[in-house]
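# What the coordinates show
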Amino acid sequence: MPKSPTKRRPLTVAALLDAAREVFAEKGFGATSVPDICARAGLTKGAFYSNFPDKETLFLALFDRHNAATLERVRLVLAESAGRLVGADPPQLPEPQGEQRQWFLISMEFTLHAIRHPEVAAALADHEARSRAALADLLADALATVDRVPTIAVDELVRLVVAACEGGDAQTLTEIAATGSARASVRARLVPLLLREYTRPADRSDPDFHASPGDPS
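I will try to describe carefully the structure that is included in this document. (Residues numbered from 1 in each chain as written. Predicted model: local features only at pLDDT ≥ 70, side-chain atom pairs only at ≥ 80, totals over all residues. Heavy atoms only, no water.)

### As for the overall build of the protein
Along its length, the protein carries eight helices and two strands. Overall, the protein shows an N-to-C arrangement of helices and strands of α-α-α-α-α-α-β-α-α-β. Here the protein holds 217 residues, and 38% of them are scored as buried. Long-range pairs, those at least 24 residues apart, make up 68% of the contacts in the protein with a sequence separation of at least 6. Counting every atom, the protein has about 12300 Å² of accessible surface; 57% of that belongs to carbon and sulfur. (Helix = DSSP H or I, 4+ residues; strand = E, 2+ residues; numbered from the N terminus. Buried < 20%, exposed > 50% of the residue type's maximum accessible area, 1.4 Å probe, protein only. Contact = heavy atoms within 4.5 Å. Areas by Shrake-Rupley, 256 points an atom, 1.4 Å probe, with all protein chains shown as cover.)

Written out as structure tokens, the structure is:
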């Protein structure tokens, strides 16, 4: 029997998001139309507009899905190697290749689109703020496991880390496009430097210190 509309909805949304990511990567956000996305997904425009009012809202849903997956990867990396966060052999974050490269291109183009349209920028800024808040929680917990605290507000530290990753990815991808390879990972060098520079050993009497779960205090 056919699925009910309620049960079909998650499948429809997933199909639209998958199709949008593919077409955005191929044609660019600006050049992609709603009919392009529907054709790739094998769905009607009615199916699109019953789930998303416009292309920008669909992208923000794609942003949230990508971000949730990224946060889970970061959580796993930190859980496995938090003790090396500020050491000589820090954990390595994935380099921008394959799907990460595709997402970088899509998201950078959308960012430029948002900058030109203030109402879109406001929505993107809200999604990015929630993403940074979630990352700040992960980072604060990871630092607590190695008895370190940030020397600046943790949300500011996260802004620096995100800027280093995005700027580093831009440089790495440019070098790869120009020469076929990158000399060295920018993010792999910068992120550990930032964590060492802007954290310090915690004093358990320090009000900024938060004991890790299960740690007697």
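### Looking at unusual backbone geometry
Residues other than glycine seldom take positive phi values, yet D147 does so here, at roughly 55°. A relative accessible area of 28% places D147 in the partly exposed class.

### Observations concerning helix 5 (residues 99-116)
Between its first and last C-alpha, helix 5 extends 26 Å over 18 residues, near the 26 Å set by a 1.5 Å rise per residue. What helix 5 keeps buried is the set W103, F104, I106, S107, F110, H113 and A114. (Expected span 1.5 Å × (residues − 1).)

### Examining the packing of aromatic side chains
Applying the stated criterion to the full structure yields seven aromatic pairs. The cationic tip of K55 hangs over the ring face of F29; the distance from NZ or CZ to the ring centre is 4.4 Å. (Phe/Tyr/Trp six-rings, centres within 6.5 Å; stacked < 30°, edge-to-face > 60°. Lys NZ or Arg CZ within 6 Å of the ring centre and 35° of its normal.)

### Description of helix 7 (residues 154-179)
Helical geometry: 3.6 residues make up each α-helical turn, so side chains three or four residues apart lie on a common side. Given a rise of 1.5 Å per residue, 26 residues ought to cover 38 Å, and the 37 Å separating the end C-alpha atoms of helix 7 matches this to within 8%. Of the residues making up helix 7, those classed as buried are L157, V158, V161, A164, C165, G168, D169, T172, L173 and E175. Residues of helix 7 that are buried in the fold lie against helix 5, helix 6 (118-145), strand 1 (148-150), helix 8 (186-197) and strand 2 (199-201). Directly beyond the C-terminal end of helix 7, a positive phi value near 90° is found at G180.

### A few points about the nonpolar core
Formed by 24 residues in total, the largest nonpolar core has its most connected members in F24, I37, F48, L58, F59 and F110. When contributions to this core are tallied by element, the ones reaching two or more residues are helix 1 (5-27), helix 2 (34-41), helix 4 (55-81), helix 5 and helix 6. Considering every element that reaches this core, the biggest residue donor is helix 1, with six residues. V74, L139, C165 and L195 belong to the second-largest nonpolar core, a separate cluster that totals 14 residues. (Core = buried A, V, L, I, M, F, W, Y, C linked by side-chain atoms within 4.5 Å.)

### Description of the pattern of salt bridges
Overall, the coordinates contain six salt bridges when judged by the stated rule. Here D36 makes a salt bridge to K27, at a shortest N to O gap of 2.8 Å. Notably, a salt bridge pairs D126 with R130, separated by 3.1 Å at the nearest N-O pair. Residue D126 and its partner R130 are both found in helix 6; the two are separated by four residues, about one turn of the helix. Through salt bridges with shared partners, a single ionic network connects E22, E26 and R40. (Salt bridge = Lys/Arg side-chain N within 4 Å of Asp/Glu carboxyl O.)

### Considering the environment of V120
Residue placement: V120 occurs in helix 6. Residues V120 and E56, 64 residues apart in the sequence, show an inter-C-alpha distance of 7.3 Å. Setting aside chain neighbours within four positions, we find V120 in contact with E56, F110, H113 and A114.

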